[in-house]
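Residue strings, one per chain:
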Amino acid sequence: MTEAKKMTILRIYNILEEYSDSIHPLTQGQIIELLREKYGIAVERKAVARNLEMLSEAGFDIVRTKKGSYLENKLFENSEIRVLIDSVLSSRHINAKHSADLINKLIKMGGRHFRSFAESIYQTGDWQKSDNFDFFLNVEILDDAIRQGSKVRFFYNRM
């Protein structure tokens, strides 16, 4: 799979997001190798440097050190992702399938290095979970009702 050179800047950003953090900065050589392996894009060091500079100029918080470059501000810090995962696990309102799906999405957001931390996470089957598969649908219905100023009626424990 070979991609167009025009995709290089986007792919460099994807690589920084997935593989780098302050503890694991990437050298230009590592970025070049990942571009080749993952996307079939061949570039020179100068092109990587130019693209990193353009990303910085565009407002992306890219830190460049002697050890390499990394994306400083990700959407969530690893500790925040861990708290969110713990919240999903401990929620009895979210069924096991939805819990597992949410946890997998959160783990993916943490990037490659977060996945090693995620191995210690309990399986959703180990927790007491609801059988209600409409939980998220109900949340959306309530959200719509709130925005529209509508009244809502609840029926508890009804089959």
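Just so it is clear, the structure is predicted and the values come from calculations on it, not from any experiment.

(A) Quick peek at the packing of aromatic side chains. Scanning the entire structure with this criterion turns up one aromatic pair. Taking 4.9 Å as the distance between ring centres and 50° as the angle between the ring planes, the aromatic pair formed by Tyr 13 and Phe 60 counts as tilted. A residue pair is termed long-range when its members are at least 10 positions apart, and Tyr 13 in helix α1 (residues 8–19) and Phe 60 in the loop between α3 (45–57) and β1 (62–65) qualify at 47 residues.

(B) Broad picture of the side chain of Ser 20. Tracing the sequence through the fold places Ser 20 in the loop between α1 and α2 (28–39). Within the structure, Ser 20 has its side chain in polar contact with the backbone oxygen of Leu 16 (distance 2.5 Å). One polar contact links the side chain of Ser 20 to the main-chain amide nitrogen of Leu 71, over a distance of 3.4 Å. Sequence-distant contacts of Ser 20, defined by excluding residues within four places in its chain, comprise Ile 15, Leu 26, Ser 69, Tyr 70, Leu 71 and Lys 74.

(C) Local environment of a negative patch on the surface. A cluster of acidic residues, Asp 61, Glu 72, Glu 77 and Glu 80, forms a negative patch at the surface. Residue placement: Glu 72 occurs in the loop between β2 (68–71) and α4 (78–90).

(D) Spotlight on the nonpolar core. In this structure, Ile 12, Leu 16, Ile 31 and Leu 35 are the most contacted members of the largest nonpolar core, which totals 19 residues. For this core, the secondary structure elements donating two or more residues are α1, α2 and α3. Residues contacting Ile 12, with those up to four places away along its chain left out, are Ile 31, Leu 35, Val 48, Asn 51, Leu 52 and Leu 55. Ranked by size, the runner-up nonpolar core spans nine residues in total, among them Ile 81, Val 88, Leu 89 and Ile 107.

(E) Geometry of the side chain of Arg 11. Its place among the elements puts Arg 11 in helix α1. At 3.2 Å, the side chain of Arg 11 forms a polar contact with the side chain of Asn 14.

(F) Inspection of the pattern of salt bridges at higher detail. The final tally for this structure, using the stated rule, is six salt bridges. We note a salt bridge from Lys 97 to Asp 101, for which the minimum N-O separation is 2.9 Å. Here Asp 101 and Lys 97 lie together in helix α5 (residues 96–109), a separation of four residues that amounts to about one turn. Residues participating in the shared-partner salt-bridge network are Asp 143, Asp 144 and Arg 147.

(G) α5, seen in detail. For α5, spanning 14 residues, the distance from its first C-alpha to its last is 20 Å, which sits close to the expected 20 Å at 1.5 Å a residue. Residues of α5 that are buried: Ser 99, Ile 103, Leu 106 and Ile 107. The buried residues of α5 all sit within an arc of 100° when viewed along its axis, so they share a single face. Away from its buried face, by an angle of more than 90 degrees, α5 presents the exposed residues Lys 97, Lys 105 and Lys 108. Each element contacted by the buried residues of α5 is listed here: α4 and α6 (115–118). For α5, the side-chain oxygen to backbone nitrogen distance between the N-cap and Lys 97 is 3.1 Å, and the N-cap itself is Asn 95. At the C-terminal side of α5, Gly 111 shows a positive phi close to 85°.

Reading the values: rules and limits
- Residues numbered from 1 in each chain as written.
- Predicted model: local features only at pLDDT ≥ 70, side-chain atom pairs only at ≥ 80, totals over all residues.
- Heavy atoms only, no water.
- Phe/Tyr/Trp six-rings, centres within 6.5 Å; stacked < 30°, edge-to-face > 60°.
- Helix = DSSP H or I, 4+ residues; strand = E, 2+ residues; numbered from the N terminus.
- Polar contact = N/O pair within 3.5 Å; in protein donor to acceptor, adjacent residues only side chain to side chain.
- Contact = heavy atoms within 4.5 Å.
- Patch = residues over 30% accessible without salt bridge, like charges linked within 9 Å, V, L, I, M, F, W, Y side chains within 5 Å.
- Areas by Shrake-Rupley, 256 points an atom, 1.4 Å probe, with all protein chains shown as cover.
- Salt bridge = Lys/Arg side-chain N within 4 Å of Asp/Glu carboxyl O.
- Lys, Arg positive; Asp, Glu negative; His and termini not counted.
- Charge placed at Lys NZ, Arg CZ, Asp CG, Glu CD.
- Core = buried A, V, L, I, M, F, W, Y, C linked by side-chain atoms within 4.5 Å.
- Buried < 20%, exposed > 50% of the residue type's maximum accessible area, 1.4 Å probe, protein only.
- Expected span 1.5 Å × (residues − 1).
- Arc of directions from axis to C-beta.

What is shown is where atoms sit, not what they do.
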